[in-house]
Amino acid sequence: MKRLSTLILSLLAIATAHADEVQVAVAANFTGPMQVISVLFERDTGHKANLSFGATGKFYAQITNGAPFEVFLAADNKTPAKLLKEGHAVAGTAFTYAIGTLVLWSADAKLVDAKGEVLKKGGFKHLSLANPKTAPYGTAGLQVMNKLGVADSIKPLIVQGENISQTHQFISTGAAELGFVAYSQVIKNGAIGSGSGWIVPANLYDPIRQNAVILDKGKDKPAAVALMNYLKGEKAQAVIKSFGYELR
Amino acid sequence: MLTDSDLQAIWLTIRLAGITTMILLLIGTPIAWRLARSRSWWKGPLGAVVALPLVLPPSVLGFYLLLAMGPFGPVGQLTTALGIGTLPFTFWGLVVASSFYSLPFMVQPLQNAFESIGDRPLEVAATLRASPVDTFFSVVLPLAKPGFITAGVLTFAHTVGEFGVVLMIGGNIPGVTRVASVQIYDHVEAMEYADAHRLAAVMLIFSFTVLLAMYLRRPKPARGD
């Protein structure tokens, strides 16, 4: 009898776990890895992660105005901290799930050399950059140009993407010859997939720490906690690394 | 109250909307005239093409304009061959995109105005031996004046309110492509909500005033008869 009730209880637990969904707001640069991870997550835990992709600043506005997100994978560590301070996130849940790698990339296979000398040499009309005021990869790109002493000459050539996806789109369509994007957007089998690129050395910009946090709406939700734990696990971390991110 | 960059964005927006309205007056008038007067089979297809921007999401229109006007697109190759360079990320690129985007707002009110004139005044003008050009300027234009005002105001206002297309092909360059709607979006993204509120309030008051002026100028419906 005791066995039967344990069986029923555990079946119930599985059934409820299956029914559990978690609403996740995901920074645009993490689109690729998160699509892979969510499939693994669903298979391994039975929970379903519903993903929304977009700019971190826009998510902030939506979250503070009652958006139904339960977990937030931001593109920086400032926004989750701000949400925590303002009481929209659950204290003690924030952690760095990935550290971003910046790439200077062009769809043209010959334009960008392995050392990024093209920034000094010029020969392009537009450089695409995510809005440095709002996007961490944009801020990082600006830091690189400042460090190399080319910011003043390149500034008039900058075209801004609203987020890192649009920045990539400007380059991939050829409208801008080159620009700063996330390595995760152009990586394929451990290297830059198409065109040409320069993986910017980490000493040229401040680390892009991308933090995740459980939001108020996800408080005490098993699926939200499960997703956070899953992101810290081996399988997810292997995916994250394969997209060119660093882990602490 | 407003920062310099806000004022720059507003001025740019007004310039974009003004130039787009002028260009569409020149392009839209003959199209509307043909649509109103023609009985040919292509009237339907042409009308549908003109109305397409009403239906297509700005993301679609913007993305394909970006591809078409980029260095590998047909328009981009043409403009490069002509020595103009490519249009994305330039003010004139926005003018071209806005002209597509706002086309129905110019053509449809004009077409209605031309259709409501009917055949009679034109026949009268013809019996008085007025040339078609003369007829257009001394008969059609005065009769269609309310239609021109409506079309002009709607085109202008619609271009002021444009966001998606500009975002897709503009590149957010201060003084060149950063119009007011994009500037507000930037403020929101950067969590500068006070700045966003101020600029949005200016836009709201401006839009309301323009539309109010248009509705007050509308001729009163005729009574009796």
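Quantities reported herein were computed from a predicted structural model and do not represent experimental measurements.

**Student:** What exactly am I supposed to notice about helix α7 (residues 132-143) of chain B here?
**Tutor:** All names here are of chain B. The terminal C-alpha atoms of α7 lie 15 Å apart, and with 12 residues this matches the ideal 16 Å at 1.5 Å per residue to within 8%. All of the buried residues in α7 are Thr 135, Phe 136, Val 139 and Val 140. The buried residues of α7 occupy an angular sector of 125° when the element is viewed end-on, so they sit on one face. Projecting away from the buried face of α7 at angles above 90 degrees are the exposed residues Val 133 and Phe 137. Buried residues in α7 make contact with α1 (4-37), α5 (91-117) and α6 (120-127).

**Student:** Would you explain helix α2 (residues 31-45) of chain A in this entry?
**Tutor:** What sets the pattern is the α-helix's 3.6 residues per turn: residues three or four places apart point alike. Residue and element names in this part refer to chain A. Spanning 15 residues, α2 covers 21 Å between terminal C-alpha atoms, matching the ideal 21 Å at 1.5 Å per step. Burial in α2 covers these residues: Thr 31, Pro 33, Met 34, Ile 37, Ser 38, Leu 40 and Phe 41. Tucked inside the fold, the buried residues of α2 contact β1 (21-27), β2 (48-54), β3 (71-73), α10 (222-232) and α11 (234-242). Backbone geometry just downstream of α2 places Gly 46 in the positive-phi region, at approximately 85°.

**Student:** Mind showing me how you'd approach the side chain of Thr101(A) here?
**Tutor:** Residue and element names in this part refer to chain A. Looking at the element boundaries, Thr 101 is found in the loop between β4 (95-100) and β5 (102-106). Classification of Thr 101 as buried rests on a relative accessible area of 10%. A distance of 2.7 Å separates a polar side-chain atom of Thr 101 from the backbone oxygen of Gly 244. Setting aside residues up to four positions removed in sequence, Thr 101 forms contacts with Tyr 137, Val 181, Ala 182, Tyr 183, Ile 199, Tyr 205, Gly 244, Tyr 245 and Glu 246.

**Student:** Explain the interface of chain A and chain B here, please?
**Tutor:** A common way to express how large an interface is: the accessible area buried when the components associate. Facing the 23 residues of chain A at the interface are 22 residues of chain B. Summing both sides of the interface, chain A and chain B together bury roughly 1900 Å²; the carbon and sulfur share of this comes to 61%. The largest share of the area that chain A buries against chain B comes from Lys133(A), Gln160(A) and Thr173(A), three residues that together contribute 24% of it. Here Lys133(A) ties to Glu192(B) by a salt bridge, and the two come within 3.6 Å at their closest N and O atoms. Applying the counting rule to chain A against chain B returns seven residue pairs in polar contact (both at pLDDT 80 or more).

**Student:** I keep staring at the pairing of β5(A) and nothing clicks. Help me out?
**Tutor:** Consecutive residues of a regular strand have side chains that alternate between opposite faces of the sheet. Residues and elements named next belong to chain A. Most of β5 sits inside the fold, with five of its five residues counted as buried. Residues Leu 102, Leu 104 and Ser 106 line one face of β5 and the alternating positions Val 103 and Trp 105 line the opposite face, and both faces are buried. Here five bridges tie β5 to strand β8 (residues 178-182), and the two strands are oriented antiparallel to one another. Its bridge partner being in β8, Leu 102 is matched across the sheet by Ala 182.

**Student:** Please explain empty space enclosed by the protein as it appears in this structure.
**Tutor:** One water molecule sets the probe size; rolling that probe over the atoms shows where empty space is left. Inspection of the entire model under this criterion finds two cavities of 30 Å³ or more. The space that makes up the largest cavity amounts to roughly 120 Å³. When residues of the lining of the largest cavity are traced back to their parent elements, those giving at least two are α3 (56-64) and α6 (136-147) of chain A. Taken together, the residues of the lining of the largest cavity break down into eight nonpolar, six polar and two charged. Of the residues that make up the lining of the largest cavity, three or more belong to each of domain 1 (2-99 + 208-242) and domain 2 (102-199) of chain A. The calculated volume of the second largest cavity comes to roughly 50 Å³. Forming the walls of the second largest cavity are Gln160(A), Gly161(A), Glu162(A), Gln166(A), Leu167(B), Gly171(B), Asn172(B), Val182(B), Tyr185(B) and Asp186(B). Mapped by element, the contributors of at least two residues to the lining of the second largest cavity are β7 (158-161) of chain A together with α10 (180-189) of chain B. Take the lining of the second largest cavity: its biggest share by element is three residues, from α10(B). Among the residues making up the lining of the second largest cavity, the classes are represented as three nonpolar, five polar and two charged.

**Student:** Help me understand the confidence of the model for chain B, please; the structure alone is not making it clear to me.
**Tutor:** Averaged over chain B, the pLDDT score is 91; the fraction of residues at 70 or greater is 97%. Across the interfaces of the predicted complex, the ipTM metric reaches 0.78, alongside a pTM of 0.83.

**Student:** I tried to follow the pairing of β1(A) on my own but got confused; where do I start?
**Tutor:** All names here are of chain A. Burial within β1 is extensive, with five of its seven residues counted as buried. Bridging between β1 and β2 involves seven bridges; their strand directions are parallel. Bridge pairing links Gln 23 to Asn 50 in β2. With α2 bridging β1 and the parallel β2, this β-α-β connection has right-handed handedness. Bridging between β1 and β3 involves three bridges; their strand directions are parallel.

**Student:** Whenever I open this one, the sheet that holds β1(A) confuses me. Can you help?
**Tutor:** Two orientations exist for strands paired in a sheet by backbone hydrogen bonds: parallel and antiparallel. Residues and elements named next belong to chain A. Taking strand neighbours across the sheet as the criterion, the five strands line up as β2-β1-β3-β12-β4 in an open arrangement whose pairing is mixed. Bordering the open sheet on either side are β2 and β4, each of which pairs with just one other strand. Across this sheet, the average inter-strand angle for adjacent strands is 20°, counted without regard to direction. Here β3 runs beside strand β12 (residues 208-214); their pairing, made up of three bridges, is antiparallel.

**Student:** I'm lost on the layout of surface pockets in this one. Help?
**Tutor:** Residue and element names in this part refer to chain A. In this model, the largest pocket occupies a volume close to 400 Å³. Along its surface, the largest pocket is lined by 22 residues, and Asp 76, Lys 78, Ala 135, Pro 136 and Thr 139 are the ones closest to its centre. Listed by contribution, the elements that provide at least two residues to the lining of the largest pocket are α3, α4 (78-85), α6 and β12. With four residues, the single largest contributor to the lining of the largest pocket is α6.

**Student:** What should I look at first to understand the domain arrangement of chain A in this one?
**Tutor:** All names here are of chain A. Taken domain by domain, chain A holds domain 1 (2-99 + 208-242) and domain 2 (102-199). Computed from C-alpha coordinates alone, the two centres of domain 1 and domain 2 are separated by 30 Å. Of the roughly 810 Å² buried at the junction of domain 1 and domain 2 (both faces included), carbon and sulfur atoms supply 63%. Per-residue buried area on domain 1 facing domain 2 is highest for Ala 28, Asn 29 and Ile 208; these three make up 51% of the total on that side. Counting every contact that joins domain 1 to domain 2 gives zero salt bridges. Across the contact surface, domain 1 and domain 2 share two residue pairs in polar contact (both at pLDDT 80 or more). Residue composition of the side of domain 1 that touches domain 2, by class: four nonpolar, four polar and two charged.

Definitions and limits used
- Residues numbered from 1 in each chain as written.
- Chains lettered and ligands numbered in written order.
- Predicted model: local features only at pLDDT ≥ 70, side-chain atom pairs only at ≥ 80, totals over all residues.
- Heavy atoms only, no water.
- Helix = DSSP H or I, 4+ residues; strand = E, 2+ residues; numbered from the N terminus.
- Expected span 1.5 Å × (residues − 1).
- Buried < 20%, exposed > 50% of the residue type's maximum accessible area, 1.4 Å probe, protein only.
- Arc of directions from axis to C-beta.
- Contact = heavy atoms within 4.5 Å.
- Polar contact = N/O pair within 3.5 Å; in protein donor to acceptor, adjacent residues only side chain to side chain.
- Buried area = accessible area lost by both parts, 1.4 Å probe.
- Salt bridge = Lys/Arg side-chain N within 4 Å of Asp/Glu carboxyl O.
- Pairing = 2+ DSSP bridges.
- 1 Å grid on protein atoms, 1.4 Å probe; cavity = no way out; pocket = protein on both sides within 12 Å on 5 of 7 lines; lining within 4 Å.
- Points joined across faces, edges and corners; volume = space filled by probe spheres on them.
- Nonpolar A, V, L, I, M, F, W, Y, C, P; charged D, E, K, R; others polar.
- Domains from an automatic or database assignment.
- pLDDT = per-residue confidence, 0-100.
- Right-handed = clockwise from strand over helix to strand, strands pointing away.
- Axes fitted to C-alpha atoms, helices over the stretch in contact; angles between N-to-C directions.

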